[in-house]
Amino acid sequence: MKKIVTLGEIMLRLATPNFEKFNQATNYNAVFGGGEANVAVSLANYNNRVQHVTKLPDNELGQAAIDSLNKYRVHTSYIPRGGKRIGIYFLEQGYSYRPSKIIYDRENSSLANASVDDFDFYSIFDRAEWFHISGITPALSKSCEEITLKALQVAKELGITISMDVNYRANLWSIETARKVISNLMQYVDVCFDGDWPLGFRETTPAGTSLEDELKLYENAFKDMAKVYGCKYYFSSLRKLISSSSNFYSACGYNGNEFYHTKVYDVDIIDRVGTGDSFVAGVINCLVKDKNFKEALDFGVAAAVLKHTIPGDVNLVKEEDVYNLLQGGNTRIQR
């Protein structure tokens, strides 16, 4: 079983129940989540050996976050304890034509205040074959940028395959700063997710653009990125919003020679948060297991489609659930 390492902040998610607005809610549903941690849980559920790395406060909330990862067989032995707080985000679930809203409360979290000295990456990467990060971590603080760079340098030195979900967040940094920092980090990356627009290779698609024309924009962006960065694979998910409760969802990818677009799914949504992480984990799962990039894309999209039906941050499906959907999607009651 190949070892996969993920690095990033795990947060406490507080969500209003029953699609209530913030000013209605008198209680909140609490779970843990966060981009790279979500990827870790999905990969563990697909029977991979996964090590998640972060920093958490040495208190009951920090331990609860660790317990939430251990519950799904994610290894946590390289998580240092310290700092004063865990990051939090508040979620107001949208419905129909009312969009969801997220409010972050993550400044001065344990990971944001961590230092490079908190992590022994040579030990962390012992026997690892894959390392996954996102563009969120270097955006948290200058020290997190340094931690990310150090991790990438050690992983590259050890010959580990590296994937990055660029995952730009406007509330964390400007697009100009993000492009400067992430472009520097991309020299270490082998597999890039959703980097085309944040890195300046594709403009926002104008309303009314046909799917055929939109796919051509992605294909051109991937080819231009390949000339600059030389990654092995480039992937992006595509989403057409009908309402907060209904989307069309698919993905496309490029392997340096061939561009591929998956089936388009008509998705009804219970919880959209974490679907991008589910897509990333599905693709990584197949590539780690030596599937070709088309199989990886198809699996990743199907995994993300299923995540839309699951409340919470993490995708709790197994490989057989994803393959069931890929093979036609038997929705009969399983007895």
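What comes next concerns the included structure. No experiment lies behind these values; they were computed from the predicted model shown. (Residues numbered from 1 in each chain as written. Predicted model: local features only at pLDDT ≥ 70, side-chain atom pairs only at ≥ 80, totals over all residues. Heavy atoms only, no water.)

Quick notes on the overall build of the protein
Within the protein one finds 10 helices and 14 strands. Since a compact globule built from 335 residues should have a radius of gyration of about 20 Å, the 19 Å found for the protein is in line with a globular shape. Viewed in the frame of its principal axes, the protein has a C-alpha envelope of about 50 × 50 × 45 Å. Within the protein, the fraction of its 335 residues that count as buried is 55%. Partitioning the intrachain contacts of the protein with sequence separation of at least 6 by distance along the chain shows that 69% fall at a separation of at least 24. Counting only carbon and sulfur atoms, one obtains 47% of the accessible surface of the protein, whose full area is about 15,100 Å². (Helix = DSSP H or I, 4+ residues; strand = E, 2+ residues; numbered from the N terminus. Rg over C-alpha atoms; globule rule 2.2 N^0.38 Å. Buried < 20%, exposed > 50% of the residue type's maximum accessible area, 1.4 Å probe, protein only. Contact = heavy atoms within 4.5 Å. Areas by Shrake-Rupley, 256 points an atom, 1.4 Å probe, with all protein chains shown as cover.)

Regarding the environment of Thr275
Its location among the elements puts Thr275 in helix α8 (residues 275-288). In this structure, the C-alpha to C-alpha distance between Thr275 and Val305, residues 30 residues apart in sequence, is 7.4 Å. Setting aside its immediate chain neighbours within four residues, Thr275 contacts Arg239, Tyr249, Ala304, Lys307 and His308. A polar contact of 2.9 Å, which involves the side chain of Thr275, links it to the backbone oxygen of Arg272. (Polar contact = N/O pair within 3.5 Å; in protein donor to acceptor, adjacent residues only side chain to side chain.)

Quick notes on empty space enclosed by the protein
Scanning the entire structure with this criterion turns up 1 cavity of 30 Å³ or more. Approximately 30 Å³ is the volume attributed to the largest cavity. Considering the residues around the largest cavity, the lining is formed by Glu9, Ile10, Thr54, Lys55, Leu56, Arg85, Ile86, Gly87, Ser109, Ser110 and Leu111. Its residues placed into classes, the lining of the largest cavity shows 4 nonpolar, 4 polar and 3 charged. (1 Å grid on protein atoms, 1.4 Å probe; cavity = no way out; pocket = protein on both sides within 12 Å on 5 of 7 lines; lining within 4 Å. Points joined across faces, edges and corners; volume = space filled by probe spheres on them. Nonpolar A, V, L, I, M, F, W, Y, C, P; charged D, E, K, R; others polar.)

Description of helix α7 (residues 211-229)
The terminal C-alpha atoms of α7, which comprises 19 residues, lie 26 Å apart, in line with the 27 Å expected from a rise of 1.5 Å per residue. Regarding α7, the residues found buried are Glu214, Leu215, Tyr218, Glu219, Ala221, Phe222, Met225 and Tyr229. Taken end-on, α7 shows its buried residues confined to a sector of 165 degrees, consistent with a single buried face. Every exposed residue of α7 that faces more than 90 degrees away from the buried side is listed here: Glu212 and Lys227. Against the buried residues of α7 lie α6 (175-185), β10 (191-193), β11 (233-243), β12 (246-254) and β13 (259-261). Once α7 ends, the next one or two residues include Gly230, with phi positive near 70 degrees. (Expected span 1.5 Å × (residues − 1). Arc of directions from axis to C-beta.)

Overview of the pattern of salt bridges
Within this structure, the stated rule accounts for 17 salt bridges. The shortest N-O distance in the salt bridge between Asp58 and Arg81 comes to 3.9 Å. Within this pair, whereas Asp58 is found in the loop between β4 (49-53) and α2 (60-70), its partner Arg81 is found in the loop between β5 (74-75) and β6 (88-92), the two being separated by 23 residues in sequence. Among the residues examined, Asp58 registers a relative accessible area of 62% and is labelled exposed. In this structure, Arg202 and Asp196 form a salt bridge, with 2.7 Å as the shortest nitrogen-oxygen distance. For the pair Arg202 and Asp196, one class covers both residues: buried. (Salt bridge = Lys/Arg side-chain N within 4 Å of Asp/Glu carboxyl O.)

Observations regarding the nonpolar core
Counting residues in each nonpolar core, the largest one holds 56 residues, and the members touching the most others are Phe193, Phe235, Phe279, Ile284, Leu287 and Val322. The element contributing the most residues to this core is helix α9 (residues 293-307), with 10 residues. If we skip the residues at most four places from it in the chain, Phe279 touches Phe193, Phe235, Ser236, Ser237, Tyr249, Ala251, Leu297, Gly300, Val301 and Ala304. (Core = buried A, V, L, I, M, F, W, Y, C linked by side-chain atoms within 4.5 Å.)

Looking at the pairing of β12
With respect to burial, β12 is a largely interior element, 8 of its 9 residues being buried. Two strands pair when backbone bridges link them, and β11 and β12 are joined in this way by 9 bridges, in the antiparallel orientation. Its bridge partner lying in β12, Leu238 is registered against Ser250. The hairpin turn running from β11 into β12, its antiparallel successor, is 2 residues long. Examined bridge by bridge, β12 and strand β14 (residues 265-268) share 4 bridges and lie antiparallel to one another. Looking at β14, one finds that Ser246 is bridged to Asp268. Relative to β13, β12 runs antiparallel, the two being bridged by 3 bridges. Note that in β13 the partner of Tyr254 across the bridge is Phe259. Hairpin geometry of β12 and β13 is characterised by an intervening segment of 4 residues between the two adjacent antiparallel strands and by a positive phi of about 95 degrees at Gly256. (Pairing = 2+ DSSP bridges.)

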